[in-house]
Each structure stands twice: as C-alpha cells, then as structure tokens.
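Observations on chain architecture
Next come the chains, spelled out residue by residue.
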Amino acid sequence: MNVCPDCATLLGQSAEHQPHAHLHLSGSGVFGTPSRPVAHYLQYRCETCGAWLHRNTLTASPPERWTLAPGTVAENLMDTI
C-alpha cells in the first residue's frame, strides 16, 4: 500500500494537528485493560489511500503523535522509517 501525501505529511506530527479531510475517526483502542490501560489511541482510516493511522494520547508510544497503525506497511515510506 502507498500512503497518500496527506497521511505521509501527518505521520510523526503532534497529535494536536487535525486529521486531513479524508481521514475519518473509526474508533479508539486500549492496550491493557479498560481499568488499567497501558496505552490509549484514536484510530482513523483514510478514504483516499486506505491507511490506518493512530492519534496517540499521552499514554501511547510515541506519546501524542500521529503514527501508522501496527501492521500497516507503507511501501512508499520504507526508506524514511
């Protein structure tokens, strides 16, 4: 999969940056248990390229950053990772 330019620009940015127009909130996730979360994030899906991005909260890694969801392979970003 190739990540669109809008998603590529967002990756690594502060979570304060708003999602682009084609990136829509899909849900949220917690690693750990709801009573003792280890990490919390908001999950977004891009309607342009199909990428799944996480908007990490303070408890996620890296904290308060936009990241690709685990398992997402972005062929056009492999040289930059």
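Cut-offs and rules
- Residues numbered from 1 in each chain as written.
- Predicted model: local features only at pLDDT ≥ 70, side-chain atom pairs only at ≥ 80, totals over all residues.
- Heavy atoms only, no water.
- Core = buried A, V, L, I, M, F, W, Y, C linked by side-chain atoms within 4.5 Å.
- Buried < 20%, exposed > 50% of the residue type's maximum accessible area, 1.4 Å probe, protein only.
- Helix = DSSP H or I, 4+ residues; strand = E, 2+ residues; numbered from the N terminus.
- Contact = heavy atoms within 4.5 Å.
- Disulfide = S-S within 2.5 Å.
- Lys, Arg positive; Asp, Glu negative; His and termini not counted.
- Salt bridge = Lys/Arg side-chain N within 4 Å of Asp/Glu carboxyl O.
- Polar contact = N/O pair within 3.5 Å; in protein donor to acceptor, adjacent residues only side chain to side chain.
- pLDDT = per-residue confidence, 0-100.

Thoughts on the nonpolar core
- Among the nonpolar cores identified, the biggest contains 13 residues, and Val 3, Cys 7, Leu 23, Cys 49 and Leu 53 are the most heavily contacted of them.
- For this core, the secondary structure elements donating two or more residues are α1 (5–10), β2 (37–46) and β4 (66–68).
- If we ignore the near neighbours within four places in the chain, the residues touching Cys 7 are His 20, Leu 23, Cys 46, Cys 49 and Leu 53.

Notes on unusual backbone geometry
- The residue after Ser 61, namely Pro 62, is reached through a cis peptide bond having omega -5 degrees.
- By the secondary structure assignment, Pro 62 is in the loop between β3 (52–56) and β4.
- Its identity as a non-glycine residue notwithstanding, Glu 64 has a phi of 50 degrees, on the positive side.
- The residue Glu 64 is located in the loop between β3 and β4 in this model.
- The exposure class assigned to Glu 64 is partly exposed, which follows from its relative accessible area of 40%.

Looking at the environment of Glu 16
- Tracing the chain through its elements places Glu 16 in the loop between α1 and β1 (23–32).
- For Glu 16, a relative accessible area of 69% gives the class exposed.
- Sequence separation of Glu 16 and Glu 64 is 48 residues, and the distance between their C-alpha atoms is 7.7 Å.

Observations regarding the side chain of Thr 67
- Here Thr 67 is to be found in strand β4.
- Residue class for Thr 67 comes out buried when judged on its relative accessible area of 15%.
- The contact partners of Thr 67, leaving out residues within four places of it in the chain, are Leu 11, Trp 52, Leu 53, His 54, Asn 56 and Pro 62.

Quick word on the state of the cysteines
- Under the counting rule described, the total for this entry stands at zero disulfides.
- Between Cys 46, a free cysteine, and Cys 7, which holds the nearest cysteine sulfur, the sulfur-to-sulfur gap is 3.7 Å.
- Among the residues examined, Cys 46 registers a relative accessible area of 2% and is labelled buried.

A word on the side chain of Arg 55
- Within the secondary structure, Arg 55 sits in strand β3.
- At 8.6 Å, Glu 16 is the nearest oppositely charged side chain to Arg 55, a buried residue that forms no salt bridge.
- At a separation of 2.9 Å, a polar atom in the side chain of Arg 55 contacts the main-chain carbonyl oxygen of Ala 15.
- In contact with Arg 55, other than residues within four places in its own chain, are Ala 15, Glu 16, His 17, Gln 18, Pro 19, Tyr 41, Leu 42, Tyr 44, Arg 65 and Trp 66.

Topic: the confidence of the model for the chain
- Here the chain averages 87 in pLDDT, and 88% of its residues register 70 or above.
- By mean pLDDT, the top-scoring element of the chain is α1 (95), and the lowest-scoring one is β1 (88).

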